[in-house]
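Here is what each chain is made of, one letter per residue.
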Amino acid sequence: MELTKSEMEIMDVLWEAGKPLSRADLLEHSEEKTWKDSSVHILLNGLLQKGAIQEAGLVKRSKTFGRLFTPTLTREEYFADTIFCHRHKPEIVGLFEALLRREEIIPEDLEAIQGLVQKKIESQSAEPQ
């Protein structure tokens, strides 16, 4: 799934909120948006069709009800998916090597990554061959 810039802006608001939001909530929390308020319903419908968001209930606003929306995947899951859905997929070891060279990687990240890699190794070695 590939999202447009405007769709990513909506997803960022949903990811940051950490809870389902209504259309009005999205408009309220979208500070640096490149889209018009009147097109939010088009963007939400596009995200629903792509499976990036789902309905998460209803909320009463004055005399009407509005739908709540929540992401179907985390920010990290989205970026992991986008890396491997392109025609020019990276080689996994080279990708990890490039990520590990980033200055943003701190020792705590390395410890957490090491633990995740160890769990993956153990789960694969426990599977029947």
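Just so it is clear, the structure is predicted and the values come from calculations on it, not from any experiment.

A.B. asks: I'm lost on a nonpolar patch on the surface in this one. Help?
C.D. replies: Together, Ile83, Phe84, Ile92, Val93, Phe96, Leu100 and Leu110 make up an exposed nonpolar region whose accessible area comes to about 580 Å². When residues in the nonpolar patch are grouped by element, the largest group, four residues, is from helix H5 (residues 92–100). Among the structural elements, leucine 110 can be located in helix H6 (residues 107–126).

A.B. asks: Please clarify how the packing of aromatic side chains should be interpreted in this entry.
C.D. replies: In this description, a pair of aromatic rings is defined by centroid distance and the angle of the planes. Across all of its chains, the model carries two aromatic pairs by this definition. When the centroid spacing of 6.2 Å and the interplanar angle of 40° are considered together, the rings of tryptophan 15 and tyrosine 78 count as tilted. Of this pair, tryptophan 15 sits in helix H1 (residues 5–17) while tyrosine 78 sits in helix H4 (residues 75–85); the two residues are 63 residues apart in sequence, bridging distant segments of the chain. Looking at tyrosine 78, the relative accessible area reads 6%, which means it is buried. Members of the aromatic cluster, each reached through a chain of ring pairs, are Trp15, Tyr78 and Phe79.

A.B. asks: What is the right way to look at the pattern of salt bridges in this model?
C.D. replies: Close approach of charged atoms allows side chains with opposite charge to pair. Following the criterion strictly, the structure yields seven salt bridges and no others. Measuring nitrogen to oxygen at the nearest pair gives 2.6 Å for the salt bridge that ties lysine 50 to glutamate 7. You can see lysine 50 sitting in helix H3 (residues 40–50) and its partner glutamate 7 sitting in helix H1, a full 43 residues away along the chain. Classification of lysine 50 by relative accessible area gives partly exposed; the value is 36%. Assessed through its relative accessible area of 6%, glutamate 7 is described here as buried.

A.B. asks: Help me out: how do you make sense of the layout of surface pockets in this one?
C.D. replies: Empty space among the atoms becomes visible once a probe the size of a water molecule is rolled across them. The space that makes up the largest pocket amounts to roughly 470 Å³. Around the largest pocket, the lining is made up of 15 residues, and of these Ile92, Leu95, Phe96, Leu99 and Ile113 lie nearest the centre. For the lining of the largest pocket, the secondary-structure elements that each account for two or more residues are H4, H5 and H6. Grouping the constituent residues of the lining of the largest pocket by class yields 13 nonpolar, no polar and two charged. Its volume calculated, the second largest pocket comes out at about 180 Å³. The wall of the second largest pocket is formed by Ser22, Arg23, Ala24, His41, Leu44, Asn45, Arg61, Gly66, Arg67 and Phe69. Elements represented by at least two residues in the lining of the second largest pocket include exactly helix H2 (23–29), H3 and strand E3 (64–71). Broken down by class, the residue content of the lining of the second largest pocket amounts to three nonpolar, four polar and three charged.

Calculation notes
Residues numbered from 1 in each chain as written. Predicted model: local features only at pLDDT ≥ 70, side-chain atom pairs only at ≥ 80, totals over all residues. Heavy atoms only, no water. Patch = residues over 30% accessible without salt bridge, like charges linked within 9 Å, V, L, I, M, F, W, Y side chains within 5 Å. Areas by Shrake-Rupley, 256 points an atom, 1.4 Å probe, with all protein chains shown as cover. Salt bridge = Lys/Arg side-chain N within 4 Å of Asp/Glu carboxyl O. Helix = DSSP H or I, 4+ residues; strand = E, 2+ residues; numbered from the N terminus. Phe/Tyr/Trp six-rings, centres within 6.5 Å; stacked < 30°, edge-to-face > 60°. Buried < 20%, exposed > 50% of the residue type's maximum accessible area, 1.4 Å probe, protein only. 1 Å grid on protein atoms, 1.4 Å probe; cavity = no way out; pocket = protein on both sides within 12 Å on 5 of 7 lines; lining within 4 Å. Points joined across faces, edges and corners; volume = space filled by probe spheres on them. Nonpolar A, V, L, I, M, F, W, Y, C, P; charged D, E, K, R; others polar.

Coordinates in, geometry out; function isn't part of it.
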